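Reading the structure
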Amino acid sequence: MLAVAEFAPVAILLAALVLIAGAILAASHLIGPRRSGPVKDIPYESGVDPIGDARRRFNVRFYLVAVLFLVFDVEIIFLYPWAVLFLKVAQGSIADVAGFESLGYGPGFLAASVGFFFFLLAAGFVYEWRKGVFQWD
Amino acid sequence: MSERIRLALIGLAVLVAVTLMGLAALLSSRPLEAFAFSVFAGALVTSALAIVLTRDIVRSAMWLMGALSSAAGLYFLLGANFLGVVQLIVYAGGILVLIVFGVMLTGRSPFLRFDPRPAETALAALVGVLLFAAFSAVLLGSAWPPLPGAVPVRQAATVREIGRALLTDYLLPFEVVSVLLLAVMIGAAYLARPVRR
């Protein structure tokens, strides 16, 4: 029971993406010139010269970046249903949730509840910043 | 086999597969959904096979991204928008990054490869067959009541309902989640703290 009309733009975008990406890759493989040399074969040609191999063990601090990314990733998940709800409540059109605002769940309440959520994470971020976690030297 | 021929063969195979899916979908009563399902399911099966068959662990992780994204597509097809978004953001976005970071942080050999022993392959096959049997038993044993025909699933309404539940009945767990995430941040900073000399 999919609402086809809602997803038609997404489907068109996906199809265009796949077609264009495939066409560009195929075209550069088929008609692109092939000249190789020691300079052309380095990972960033015309860029910074690589130091050492990419396939080695990395500093554990990169892991901290990954964990921080995950934390804010999960936060975004919780913002999604909140944002969908907030839009409707702010527009005053939440007819299908009867008595929602009369119970005290107005736009101010929604903003405050997610604001506290956001505040705690921002506090953690500032704490790490002040602790010098992001200083690499 | 030269690269161009291999490339042309891959492109041809994909074209043939998509055309066959389109023709098969035309036979269904809802061709668009049928076509989208075949595309996502085909991508899922292909990626899953590639995960198992490739020996390079980073390539395996990249194929995992294809498998997870295709599963998200199937969720969207089912009208489970929130689940699809969670699948994309947490699994395809987050967990995959962690896997690649895990390789970056632990890889000792220049080219990390899977080289399973025959006993390991047999064990994995056994586990796979058992899982398949269990899932099939559940699938075939469940009753699938027909949906009442004229009731469309309201897409955004489901996400909104989750938001409503999260901010009313489950407000305390919602706020406690932020405390948990704070603990994760501080714990990660403690574990990866710079060594003072």
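The structure contained in this document is the topic of the report that follows. (Residues numbered from 1 in each chain as written. Chains lettered and ligands numbered in written order. Predicted model: local features only at pLDDT ≥ 70, side-chain atom pairs only at ≥ 80, totals over all residues. Heavy atoms only, no water.)

1. Quick notes on the packing of helix H3 (residues 57-77) of chain B against helix H4 (residues 81-106) of chain B
Residue and element names in this part refer to chain B. Relative orientation of the contacting elements H3 and H4 amounts to 175°, with a least axis distance of 8 Å. It follows that H3 is roughly antiparallel to H4 by the angle criterion. Each of Ile57, Val58, Ala61, Met62, Leu64, Met65, Leu68, Ser69, Ala71, Ala72, Tyr75 and Phe76 in H3 lies in contact with H4, whose residues at this interface are Asn81, Leu83, Gly84, Val85, Gln87, Leu88, Tyr91, Ala92, Leu96, Ile99, Val100 and Val103. Classifying every residue of the contact of H3 with H4 gives 20 nonpolar, 4 polar and no charged. (Axes fitted to C-alpha atoms, helices over the stretch in contact; angles between N-to-C directions. Helix = DSSP H or I, 4+ residues; strand = E, 2+ residues; numbered from the N terminus. Parallel < 35°, antiparallel > 145°, perpendicular 65-115°, else oblique. Contact = heavy atoms within 4.5 Å. Nonpolar A, V, L, I, M, F, W, Y, C, P; charged D, E, K, R; others polar.)

2. With respect to the packing of aromatic side chains
Residues and elements named next belong to chain A. Per the stated rule, a full pass over the model turns up 7 aromatic pairs over all chains. Ring plane angle 55° and centroid distance 5.8 Å describe the contact between Phe78 and Phe117, whose orientation is recorded as tilted. Of this pair, Phe78 sits in helix H2 (residues 61-90) while Phe117 sits in helix H3 (residues 107-130); the two residues are 39 residues apart in sequence, bridging distant segments of the chain. With respect to class, Phe78 is no different from Phe117; both count as buried. On the numbers, 5.0 Å between centres and 20° between planes, the contact of Trp82 with Phe86 is stacked. In this pair, Trp82 and Phe86 both sit in helix H2, 4 residues apart, roughly one turn of the helix. We classify Trp82 as buried; its relative accessible area is 16%. A network of ring pairs unites the aromatic residues Phe72, Phe125 and Trp129 as a single cluster. (Phe/Tyr/Trp six-rings, centres within 6.5 Å; stacked < 30°, edge-to-face > 60°. Buried < 20%, exposed > 50% of the residue type's maximum accessible area, 1.4 Å probe, protein only.)

3. A look at the nonpolar core
Counting residues in hydrophobic clusters, the biggest one holds 16 residues, and the most contacted among them are Phe78, Leu110, Phe117 and Leu121 of chain A together with Leu167, Phe174 and Leu181 of chain B. Top element by residues in this core is H2 of chain A. It accounts for 6 residues. Once you skip the residues sitting within four places of it in the chain, Phe174 of chain B turns out to touch Phe78, Ser113, Val114 and Phe117 of chain A together with Leu166 and Leu167 of chain B. (Core = buried A, V, L, I, M, F, W, Y, C linked by side-chain atoms within 4.5 Å.)

4. Quick notes on the interface of chain A and chain B
For an interface, size is often stated in terms of accessible area lost upon the parts coming together. Listed as interface residues are 58 residues of chain A and, on the opposing side, 57 residues of chain B. Approximately 5,400 Å² of surface area, both sides summed, lies buried where chain A meets chain B, with 75% of it carried by carbon and sulfur atoms. In this structure, the connection of chain A to chain B is made through 0 salt bridges. Between chain A and chain B we count 1 residue pair in polar contact (both at pLDDT 80 or more) in total. At the level of secondary structure, the elements contributing two or more residues to the side of chain A that touches chain B comprise helix H1 (4-31), H2 and H3 of chain A. Top contributing element to the side of chain A that touches chain B by residue count: H2 of chain A, with 23 residues. (Buried area = accessible area lost by both parts, 1.4 Å probe. Salt bridge = Lys/Arg side-chain N within 4 Å of Asp/Glu carboxyl O. Polar contact = N/O pair within 3.5 Å; in protein donor to acceptor, adjacent residues only side chain to side chain.)

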